[in-house]
Amino acid sequence: MSTPGVLPAPGATAGDLLDLIRSGRATTRGELGRLTGLSRTAVSARLASLESAGLVLEGDEESATGGRPASTLVLDRDAGLVLAVAVGRSRSQMSVCALDGTELASASHDQEVGLGPDVLMPVVADHLARMLADLGRSGDEVRGVGLSLAGTVDRARGVSVDSPALAGWDGVPLAPYLQEVTGAPLVVDNDCNVMAASERDGHLLEHDDVLVLKASTGLGLGIVADGRLVRGHRGAAGELGHVKVPSAAGLLCRCGDTGCLEAVAGGWALVERFREGGHRVDHVRDLVARAVHGHGEARAVVRESGRRVGEALAATVTVLNPRAVVVGGDMAGAFDTFSAGLRDTLFPGTTALAGRDLQVLPATYGERAGLVGCVRLALDSVLAPRAVDALLAARR
């Protein structure tokens, strides 16, 4: 996750200029020159290469003072496409977007729990191919694909390395499944990290230190500190669901260990408990829907989950001192109920200073947060300054 407001060093490249234009920090040649320290000639040369590659459009805009109009620079949103895929345990979401992130088409696929990549990924590829065809576009126009998975991933290899939620996915390269759709590069990340990335246009506009809680079938955190996403040494930061808690002592978790928070607060455990009470539910979304519609037992189960999560999260809040905890995932569908339980234990469990200004907020994009984050993931990869500079170098 890049940090808005950090300007490129002197000697800024064409990719750096596009980054300034794309972020809205610069919309004219003069602003590019002031922000980068480049001469007018150097700015013009770099813009010429971006325009030649079809990445930048320039047009006249009336001057507010009535003088000579300034040429306004914008990213050409139609210069290519990105694809986004959010793979979940029981549902996968896909979209086709323009280069400014505007969604052109989307699809959702409910799948049987436990499907391996050999079964699910061809279905995902088929949805993507069909959406491109319906738009009259081709895979050659796709510049990148962003894909999220639950659990820890190896971003360099584009594979899952530890996912209790997706059995059979660990170590399996995913790019080959999409080769018939597009040869564009695939970027893979953890589902909580992409949910945090979705907040770039949401709560991160106001707060630099945020914990993004995905409370769904599983539990996890996207950690943003000083505006930067924290992944950890092996990319395993934020595995809140597998923190050991006293209330889960002796209870078997789906990861194979015992005593994990998920065993008492994860959506899969709540569904099992609700079924044991004689209620018919197939997914945590069903449980949440009942809670929203006033079902007393469902509300109690969702609120208790919030309490358990708050107990485990309090230490993290004390250590990291975030400004906000953002709640996403299926539990956020019953935000008022879940967050009430969360507050019950989170605030008493942390220090007065860490809790003084702390806010608990719903995810900006609701159930689409993961998909929006995957779009961000793809765009940040293919339009990163280095990637743009490499593209321009290859065209020479």
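For the structure itself, consult the block above.
Our subject in this report is the structure included herewith.

**Digging into the overall build of the protein**
(1) Moving on: A tally of regular secondary structure across the protein gives 13 helices and 14 strands.
(2) Moving on: Considered along the principal axes of its C-alpha atoms, the protein spans approximately 70 × 50 × 40 Å.
(3) Moving on: Every one of the 396 residues in the protein was classed for burial, and the buried ones make up 49%.
(4) Moving on: By sequence separation, contacts in the protein at least 24 residues apart represent 61% of the contacts at least 6 residues apart.
(5) Moving on: When the accessible area of the protein is evaluated, it comes to approximately 17600 Å², of which 50% is carbon and sulfur surface.
(6) Moving on: Each charge class in the protein was averaged separately, 39 positive and 48 negative side chains, and the resulting centres sit 3 Å apart.

**Section: empty space enclosed by the protein**
(1) Moving on: Evaluated as defined, the whole model comprises three cavities of 30 Å³ or more.
(2) Moving on: Counted as a void, the largest cavity has a volume near 50 Å³.
(3) Moving on: If you trace the largest cavity, you find it lined by Gly88, Arg89, Gln111, Glu112, Val113, Gly114, Leu115, Leu120, Ala165, Leu166, Ala167 and Trp169.
(4) Moving on: A class-by-class count of the residues in the lining of the largest cavity yields seven nonpolar, three polar and two charged.

**Quick look at the environment of Arg299**
(1) Moving on: Along the chain, the position of Arg299 falls in helix 9 (residues 296–320).
(2) Moving on: Distance in space between the C-alpha atoms of Arg299 and Ala289 is 9.7 Å, their sequence separation being 10 residues.
(3) Moving on: Beyond its immediate stretch of four places on either side in the chain, Arg299 contacts Ala291, Gly294 and Thr337.

**Considerations on the pattern of salt bridges**
(1) Moving on: Under the defined criterion, the tally for this structure stands at 21 salt bridges.
(2) Moving on: For Arg254, the salt bridge identified is with Glu262, shortest N-O distance 2.9 Å.
(3) Moving on: Look at Arg254 and you get partly exposed, because its relative accessible area is 26%.
(4) Moving on: When salt bridges with common partners are traced through the structure, they connect Arg303, Glu304, Arg307, Arg308, Glu311 and Asp344 into a single cluster.

**Some thoughts on the nonpolar core**
(1) Moving on: Leu213, Leu261, Val309, Leu313, Val325 and Leu346 are the most contacted members of the largest nonpolar core, which has 44 residues in total.
(2) Moving on: Secondary-structure elements contributing two or more residues to this core are strand 10 (210–215), strand 11 (219–225), helix 6 (262–265), helix 7 (267–276), helix 8 (284–292), helix 9, strand 13 (324–328) and helix 10 (335–349).
(3) Moving on: Per element, the largest residue contribution to this core is eight residues, and it comes from helix 9.
(4) Moving on: Leaving out residues up to four positions away in the same chain, Leu346 has contacts with Gly310, Leu313, Ala314, Val317, Val325, Leu358 and Val360.
(5) Moving on: Among the nonpolar cores identified, the runner-up in size contains 35 residues, and Val43, Val82, Ala86 and Val375 belong to it.

Conventions used here
- Residues numbered from 1 in each chain as written.
- Predicted model: local features only at pLDDT ≥ 70, side-chain atom pairs only at ≥ 80, totals over all residues.
- Heavy atoms only, no water.
- Helix = DSSP H or I, 4+ residues; strand = E, 2+ residues; numbered from the N terminus.
- Buried < 20%, exposed > 50% of the residue type's maximum accessible area, 1.4 Å probe, protein only.
- Contact = heavy atoms within 4.5 Å.
- Areas by Shrake-Rupley, 256 points an atom, 1.4 Å probe, with all protein chains shown as cover.
- Lys, Arg positive; Asp, Glu negative; His and termini not counted.
- Charge placed at Lys NZ, Arg CZ, Asp CG, Glu CD.
- 1 Å grid on protein atoms, 1.4 Å probe; cavity = no way out; pocket = protein on both sides within 12 Å on 5 of 7 lines; lining within 4 Å.
- Points joined across faces, edges and corners; volume = space filled by probe spheres on them.
- Nonpolar A, V, L, I, M, F, W, Y, C, P; charged D, E, K, R; others polar.
- Salt bridge = Lys/Arg side-chain N within 4 Å of Asp/Glu carboxyl O.
- Core = buried A, V, L, I, M, F, W, Y, C linked by side-chain atoms within 4.5 Å.

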